[in-house]
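Notes for the structure review
Residue strings, one per chain:
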Amino acid sequence: MISADFDGFRPAPYLPGRHLQTIVPAFFPPSWPPRESETLQVEAAPGNRLLLRVDRPAAPRGTLVLVHGLGGSADSGYMRRTASLALSRGWITVRVNLRNCGGTEALARTLYNAGQSDDAGSVLESLAEAGFARPFTIVGFSLGGNLVLRYAGMAGGRCHAAAIAAVNPPVDLEASVRSLERWNNAVYHGYFTWRLCSLLRRIRRVRIVPGPAADPLRIRSVRRFDELFTAPDAGYASADDYYRHASAAPFLETIAVPTLILSSRDDPFVPAEIFRSAREACPRLTLVQPGRGGHVGYWQAHPPRFWAGWAVLEYLEEVLGWSERPAGGNPDAISRVF
């Protein structure tokens with residue numbers, strides 16, 4: 001395993017701290033892929049279909065699957081920015097809407113959760129059956145990062161991706177929720193609780209979901225939402241049981257393909273120390289922890305603005321042996337790690 005305390009990221013001067021890096025980029029208009037996206041539906045489990053957004057370059061070199069985080073969708077800014085950059089480098093890009101997300105409430109019978117790692121496998125298997133260009137790679141952001149790492153660990157040598165990356169993944173869900181519950185993270189905690197409740201209200205327009213009214217003022221926390229809705233929907237005994245079994249950390253040691261975890265040390269609610277054991281867990285794992293970047297922020301003043309998207313592509317193309325990679329970012333810094 002290559003391990004590094006690496007600081008190739010240089011934040012925009014007008015976004016100097018963890019909170020500005022986390023919050024402000026979400027309000028910047030993201031890049032769209034250069035043409036209208038195709039759509040593809042994949043059956044993840046009986047009664048549960050995922051809607052994928054697909055964009056193709058003129059001469060595909062491989063297929064990149066992107067998985068969003070909590071409260072996100074295929075149209076989240078970090079998803080679209082990474083897809084646009086990947087398209088320019090020859091990747092077919094597949095942006096996944098997890099269950100009920102991105103306006104797909106009518107396509108699912110269950111809520112999405114961090115332990116639905118089989119959904120990643122279903123997507124990759126469907127792309128293989130449809131003849132998408134290989135190699136396959138998959139990148140997860142935040143909660144989506146936990147999901148794809150868990151998939152890779154559980155699949156072991158049967159993993160359908162040639163390489164994997166995860167950006168700010170909460171691989172220890174209990175530790176991350178505890179961090180989110182700190183008083184100085186009240187804004188983030190309130191935002192995620194509101195997003196979860198809003199999603200549940202939309203789902204209830206098309207089907208019944210047991211439990212109380214999804215009022216964020218009464219639910220008040222992500223943990224309570226998971227206790228009332230996520231855990232019972234997925235068959236877990238409690239929120240604590242869900243966090244324990246859905247976390248990716250116990251599965252990292254069985255990952256069999258090259259894997260990158262990129263997570264800033266100043267992430268407000270994904271503690272840097274939860275990756276400490278990852279340094280020894282998996283010989284196929286590269287752990288990169290920039291000093292700055294916030295939570296899936298990584299905003300620079302110069303192109304590529306979304307540094308994490310560029311860094312992930314650099315890693316994937318390096319481990320795949322692609323010798324010709326477009327310039328951008330800080331190549332000297334990235335090469336010290338990869």
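Everything here concerns the structure above.
As the structure is a prediction and not an experimental result, all values here were calculated from the model.

Remarks on the overall build of the protein chain
Assigned secondary structure in the protein chain consists of 12 helices and 9 strands. For the protein chain, whose C-alpha radius of gyration is 19 Å, the value lies close to the compact-globule estimate of 20 Å for 338 residues. The principal-axis extents of the C-alpha atoms in the protein chain amount to approximately 55 × 45 × 40 Å. Counting all 338 residues of the protein chain, 58% fall into the buried class. Relative to all contacts within the protein chain whose residues are 6 or more apart in sequence, the contacts with residues 24 or more apart total 74%.

Quick notes on the pairing of strand S6 (residues 136-141)
If a strand is regular, its side chains alternate between the two faces of the sheet. Judged by how many residues are buried, S6 sits mostly within the fold: 6 of 6 residues are covered. Of the two faces of S6, the one carrying Phe136, Ile138 and Gly140 and the one carrying Thr137, Val139 and Phe141 are both buried. Taken together, the 5 bridges between strand S4 (residues 62-67) and S6 define a ladder with parallel strand orientation. Bridge pairing in S6 links Val65 to Ile138. In this structure, S6 lies alongside strand S7 (residues 163-167), joined through 5 bridges in parallel fashion.

Looking at the packing of aromatic side chains
All chains considered together, the criterion is met by 15 aromatic pairs. With a centroid separation of 5.7 Å and 50° between ring planes, the pair formed by Phe9 and Trp307 is classed as tilted. With a gap of 298 residues between them, Phe9 in the loop between strand S1 (3-4) and helix H1 (18-23) and Trp307 in helix H11 (residues 307-319) connect regions that are remote in the sequence. With relative accessibility at 0%, the residue Trp307 sits in the buried group. Aromatic side chains Tyr298 and Trp307 sit 5.9 Å apart centroid to centroid with 40° between the ring planes, which places their arrangement in the tilted category. Residue Tyr298 shares its accessibility class with Trp307, and that shared class is buried. Among the aromatic side chains, those forming a connected cluster through ring pairs are Tyr188, Tyr191, Phe192, Trp194 and Phe269. Taking the ring centre of Phe132 as reference, the NZ or CZ of Arg56 above it sits at 4.6 Å. The side chain of Arg134 reaches across the aromatic face of Phe136, ending 4.4 Å from its centre.

Some points on the state of the cysteines
Summed over all chains, the structure comprises 0 disulfides. The thiol sulfur of Cys101 is not disulfide-bonded, and the nearest other cysteine sulfur, from Cys197, lies at 14 Å.

Description of a nonpolar patch on the surface
A contiguous nonpolar patch, built from Ile23, Phe27 and Val187 and spanning about 340 Å² of accessible area, is present on the exposed surface. Summarising the element assignment, Phe27 is placed in the loop between H1 and strand S2 (38-45). Judged by its relative accessible area of 68%, Phe27 is exposed.

As for the environment of Phe28
With respect to the element layout, Phe28 can be found in the loop between H1 and S2. In the structure, Phe28 is positioned 152 residues away from Leu180 in sequence and 24 Å away in space, judged by C-alpha atoms. Setting aside residues up to four positions removed in sequence, Phe28 forms contacts with Tyr14, Leu15, Arg81 and Trp299.

A short note on helix H8 (residues 222-234)
Taking 1.5 Å of rise per residue, the 13 residues of H8 would be expected to cover 18 Å, yet its terminal C-alpha atoms sit only 16 Å apart, more than 12% below that figure. Along H8, the largest kink reaches about 35° and is centred on Leu228; proline Pro232 follows within four residues of it. Here the buried face of H8 lies against helix H5 (173-180), helix H6 (186-203), helix H7 (216-219) and helix H9 (239-246). Just beyond H8, the residue with positive phi is Gly235, at close to 90°.

As for unusual backbone geometry
Cis geometry is found at the peptide bond from Arg134 to Pro135, where omega equals 5°. Following the sequence through the fold, Pro135 ends up in the loop between helix H3 (118-129) and S6. Here the amide bond leading from Pro303 into Pro304 is cis, since omega sits at -10°, within 30 degrees of zero. Secondary-structure assignment places Pro304 in the loop between strand S9 (285-288) and H11. The backbone of Asn100 shows a phi angle near 75°, a positive value even though the residue is not glycine. Considering the arrangement of structural elements, one finds Asn100 in the loop between strand S5 (91-97) and H3. The class for Asn100 is buried, based on a relative accessible area of 0%. The phi angle at Arg220 is positive, at roughly 70°, despite the residue not being glycine. With respect to the element layout, Arg220 can be found in the loop between H7 and H8.

Observations regarding helix H4 (residues 143-155)
For an α-helix the count is 3.6 residues per turn, leaving residues at separations of three or four pointing the same way. With 13 residues, H4 ought to run about 18 Å at 1.5 Å a step, and its terminal C-alpha atoms sit 18 Å apart, in line with that. The buried count for H4 comes to 12 of 13 residues, which makes it a mostly enclosed element. Turning to H4, its buried residues are Leu143, Gly144, Gly145, Asn146, Leu147, Val148, Leu149, Arg150, Tyr151, Ala152, Gly153 and Ala155. Looking at the residues trailing H4, positive phi occurs at Gly156, about 55°.

Reading the values: rules and limits
Residues numbered from 1 in each chain as written. Predicted model: local features only at pLDDT ≥ 70, side-chain atom pairs only at ≥ 80, totals over all residues. Heavy atoms only, no water. Helix = DSSP H or I, 4+ residues; strand = E, 2+ residues; numbered from the N terminus. Rg over C-alpha atoms; globule rule 2.2 N^0.38 Å. Buried < 20%, exposed > 50% of the residue type's maximum accessible area, 1.4 Å probe, protein only. Contact = heavy atoms within 4.5 Å. Pairing = 2+ DSSP bridges. Phe/Tyr/Trp six-rings, centres within 6.5 Å; stacked < 30°, edge-to-face > 60°. Lys NZ or Arg CZ within 6 Å of the ring centre and 35° of its normal. Disulfide = S-S within 2.5 Å. Patch = residues over 30% accessible without salt bridge, like charges linked within 9 Å, V, L, I, M, F, W, Y side chains within 5 Å. Areas by Shrake-Rupley, 256 points an atom, 1.4 Å probe, with all protein chains shown as cover. Salt bridge = Lys/Arg side-chain N within 4 Å of Asp/Glu carboxyl O. Expected span 1.5 Å × (residues − 1). Bend = angle between axes of the 7 residues up to and from the residue.

Functional significance is not addressed by these values, which are geometric in nature.
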